[in-house]
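Survey of secondary and tertiary structure
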Amino acid sequence: MNNVHLRHVGKVYAGNVEAVRDVSIEIDDGQFCVLVGPSGCGKSTLLRMVAGLETITSGEIAIGDTVVNDKDPSERDIAMVFQNYALYPHMSVYDNMAYGLRNRGTPKAEIETRVQEAARILELGALLERKPKALSGGQRQRVAMGRAIVRKPRVFLFDEPLSNLDAKLRIQMRVEIKKLQRSLGITSIYVTHDQLEAMTLADVLVVMNKGRVEQSGSPMSLYERPKTTFVASFIGAPPMNLLPLTGGDMPGLSLFSRPQGEKIVLGVRPEHLELSSPGNEGHPLALDLLVTATEAVGAESYLYGALGGAGQEVIVRVNGSSTVAAGETVRVTASARHLHFFDGASGQRIDGE
Amino acid sequence: MEKRVTFNGKLLPYVLLLPQLLVTIIFFYWPAMQAVWQSFLIEDAFGTSTQFVWFENYQLLLSNPDYYRTLGTTLVFSSIVAFFALSLSLLFAVQADKAIKFASGYKTLLIWPYAVAPAIAGVLWLFMFQPSLGLVSKALQAAGYDWNPLLNSGQAMALVIMAATWKQISYNFLFFLAGLQSIPKSVIEASAIDGASPTRRFWTIVFPLLSPTTFFLLVINVVYVFFDTFGIIDATTGGGPAKATETLVYKVYHDGKLGGDLGGSAAQSVILMVMVIALTAIQFRYIERKVEY
């Protein structure tokens, strides 16, 4: 079984800088785990600890049944795709892919078969004799993938592999990576700061912040029930509207019921707000917004509205055919199941209606 | 964006170039032309008569077995010095690159010898290895080794090789260190994940990626040993014993200054000039083609 277990893993750098704190993640055999978070949240450090490129200060990392804390990267049977691809610039595409196999003493015929197989899967057949500098970004990316798959490792590690590609290629490669991982069935850990990449690729999504795991689970569970305001604002684009509720009435906002507490934050996603006619009462949440700007992206449009004509900004997703223009006042409503409440001080979700 | 400067009038650019042109002409081209001219002349030892002889100086030189012996000495000397200066400095650079504690301390110490003038370096080594005074000589003799570079030509050669190598290691070290640091860390990490042992990683990844630096240094080192080791040789062995440590440059000095054979000496320096031009041309060609991988 090629599952990966992280148990209370921590990393402290010299000078007492804590990069990763008490991270526990379980990744089952063949699962695709994505670590996502803003830069500096410790996700890359964590990945490098799994790879063996960084030492582990506390806790343990196990691949299969083996604790790998003290093993060299070469002994962990992993393959890694780097952000800058890290191809060997003086070797041909073929040699780049064959290098890891040669180091392990694989027979020549076997190397040939495996490299050709990888080249076929990744459509690199015509490029095998080229040097990396004669390749485009997308091709280099595929060579880096090829180098990983020829080895048939127990675990794939990806360190922001798509961030150097242009937007169109990124989407294409994202789909390819997903398909490839599915067909090979190799346990994978993928680091990204792009929430869309994270949502679309992950079986297990881990949101990290300041060295800790904010929340982990399936992408939809994180989307539907974010545990903290951080996750709520990180997952989903545009992000969830977070409205701090003051004690008394707020102009433009009418809310059926709210949890008890001093500081409460109300969260509602732009796609869960619906335009409704001004007189229509009886919704759990109704907001009166002065539209300040609109963004049409085709199938849908986004309205940027000021709550009660001033202050707090609220984003609403509407149909692309909507004719609402800046300067108008609109009423938007949401149903009870789409409302999220968080504790204002701790950022934690408050459950129960 | 490329910045383009345009001058009004044609005079200004030449005026701006003039100081550099003057320096080049007065200190490089003029003496070089003088040497070429001189190499066509035979002058008697007292400078009373001069005769234009075309290539007679060259003919004499190239038919003299002594010249080939010196050429041989130079080739042996330069290949040994270049080999050790390159390999030792690479070793030091790799070690210093790995060091975490006191890394800057190591680097500073390794760079220091470069600041020592060649003649001083020669004198330092002379004192350490002088048969009757030197500390190292005393130690060697106490250990029963018959050390006397003043009489033993092999030992004299070893001494100048050591001094010349020691002097050049700092320079090579700097370039190798810079070369090592310009290799992306992720490439090294990728090869570690690919299962290459540290030794294998060095020979299959680091060394090939350093090859532009190595080639550059090889040319620089050969030029150094050919031309800049004069001070060391002069201070340490004076070319002896029995011309065992006489290199081409030293012979130019010896024949011209001490032997009074200005024409022959000039012919030798013209040949050296051709050699250095050839080396520089190779260097430039290579650099123009950029890194070969």
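Sequence positions are assigned chain by chain, starting from 1 and proceeding in written order. Chain labels run from A onward and ligand labels from 1 onward, assigned in the order the entries are written. Totals for whole chains, interfaces and linings use all residues, but because this is a predicted model, local features are given only for residues with pLDDT of at least 70 and pairs of side-chain atoms are given and counted only at 80 or more. Side-chain metrics rest on all non-hydrogen atoms present in the structure, leaving aside hydrogens and water.

**Considerations on the overall build of chain B**
Put simply, the test is: The helix count covers DSSP runs of H or I at least four residues long, the strand count covers runs of E at least two residues long, and both are numbered beginning at the N terminus. Whether two residues are in contact is decided by their heavy atoms, any of which lying within 4.5 Å being enough. Only the protein chains shown count as cover for residues, and the accessible areas themselves come from Shrake-Rupley with a 1.4 Å probe. Positive charges come from Lys and Arg alone, negative charges from Asp and Glu alone, with His and the N- and C-terminal ends not counted. A single reference atom marks each charge: NZ on Lys, CZ on Arg, CG on Asp, CD on Glu.
Within chain B one finds twelve helices and two strands. Taken from the N to the C terminus, the helices and strands of chain B come in the order α-β-β-α-α-α-α-α-α-α-α-α-α-α. By principal-axis analysis of the C-alpha atoms, chain B measures approximately 75 × 75 × 30 Å. For chain B, the proportion of contacts with a sequence separation of at least 24, taken over those separated by at least 6, is 65%. In the structure as shown, chain B presents an accessible area of about 16,900 Å², 70% of it carried by carbon and sulfur atoms. Each charge class in chain B can be summarised by its mean position, and for the 18 positive and 16 negative side chains these summaries are 13 Å apart.

**Some words on empty space enclosed by the protein**
In plain terms, the rule: Grid spacing is 1 Å over the protein atoms alone, the probe is 1.4 Å, and a cavity is where that probe fits but cannot get out, while a pocket is an open set with protein on both sides within 12 Å along at least five of seven lines and lining residues have an atom within 4 Å of a point. Grid points are joined across faces, edges and corners, and a volume is the space filled by probe spheres set on the points. Residue type decides the class: Asp, Glu, Lys and Arg count as charged, Ala, Val, Leu, Ile, Met, Phe, Trp, Tyr, Cys and Pro as nonpolar, and the leftover types, Gly among them, as polar.
The tally for this structure, following the rule as stated, stands at two cavities of 30 Å³ or more. Estimated volume of the largest cavity: approximately 70 Å³. Residue lining of the largest cavity: Ala79(A), Met80(A), Phe82(A), Tyr88(A), Ala144(A), Arg147(A), Ala148(A), Arg151(A), Ala190(B), Ile193(B) and Asp194(B), and that is the complete set. The set of elements that each furnish at least two residues to the lining of the largest cavity consists of strand S6 (78-81) and helix H4 (137-150) of chain A together with helix H8 (185-193) of chain B. For the lining of the largest cavity, the element with the most residues is H4(A), which contributes three residues. Of the residues in the lining of the largest cavity, the class split is eight nonpolar, no polar and three charged. Taken as a whole, the second largest cavity holds about 40 Å³ of empty space. Considering the residues around the second largest cavity, the lining is formed by Leu6(A), Ile25(A), Ile27(A), Cys33(A), Leu35(A), Leu46(A), Leu47(A), Val50(A) and Ile189(A).

**What to know about a nonpolar patch on the surface**
All names here are of chain B. Just so we agree on the cut-off: The patches described consist of residues with a relative accessible area above 30% and no salt bridge, like charges being joined within 9 Å and nonpolar side chains (Val, Leu, Ile, Met, Phe, Trp, Tyr) within 5 Å. Here, a salt bridge means any Lys or Arg side-chain nitrogen found within 4 Å of an Asp or Glu carboxyl oxygen. Only protein chains enter the calculation, and the probe is 1.4 Å; a residue is then buried if its accessible area is under 20% of its type maximum, exposed if over 50%, and partly exposed in between.
On the surface, Tyr 14, Leu 17, Leu 18, Leu 21, Leu 22, Val 23, Ile 25, Ile 26, Phe 27, Phe 28, Tyr 29 and Trp 30 cluster together into a nonpolar patch covering about 1,300 Å² of accessible area. Checked against the element boundaries, Ile 25 lands in helix H1 (residues 11-38). With relative accessibility at 45%, the residue Ile 25 sits in the partly exposed group.

**Here we look at the sheet that holds strand S9 (residues 204-209) of chain A**
All names here are of chain A. Keep this limit in mind: The criterion for strand pairing is that DSSP finds at least two bridges linking the strands in question. Axis lines are fitted through C-alpha atoms, for helices just across the contact stretch, and the angle between N-to-C directions can take any value from 0 to 180 degrees.
If you trace the six strands from one edge of the open sheet to the other, you get S6-S7-S8-S3-S9-S10, paired in mixed fashion. What marks the edges here is a single partner per strand, and that holds for S6 and strand S10 (212-217). For this sheet, the mean angle separating the axes of adjacent strands, direction not counted, is 15°. Pairing of S6 with strand S7 (residues 155-159) involves four bridges; the strand directions are parallel.

**Section: the environment of Asn164(A)**
All names here are of chain A. Inspection of the secondary structure assignment puts Asn 164 in the loop between S7 and helix H5 (167-184). Taking C-alpha positions, Asn 164 is 39 Å from Leu 289, a pair spaced 125 residues apart along the chain. Discounting residues that sit within four places of it in the chain, Asn 164 has contacts with Gln 83, Asn 84 and Tyr 85.

**Some words on the interface of chain B and chain A**
As a reminder of what qualifies: A 1.4 Å probe defines the accessible area here, and the buried area is the portion of it lost by two parts on being joined, summed over both. Polar contact is defined as a pair of N or O atoms within 3.5 Å, subject to the rule that within protein one atom must be able to donate a hydrogen and the other to accept it, and that residues adjacent in sequence are counted only when both atoms are side-chain atoms.
Taken together, the contacts link 19 residues of chain B with 25 residues of chain A. Each partner contributes to the roughly 1,700 Å² buried at the junction of chain B and chain A, and carbon and sulfur atoms together form 58% of this total. Counting across the interface, chain B meets chain A through two salt bridges. One salt bridge in this structure joins Asp194(B) and Arg151(A), with 3.0 Å as the shortest N-O distance. Remark: the boundary between chain B and chain A carries twelve residue pairs in polar contact (both at pLDDT 80 or more).

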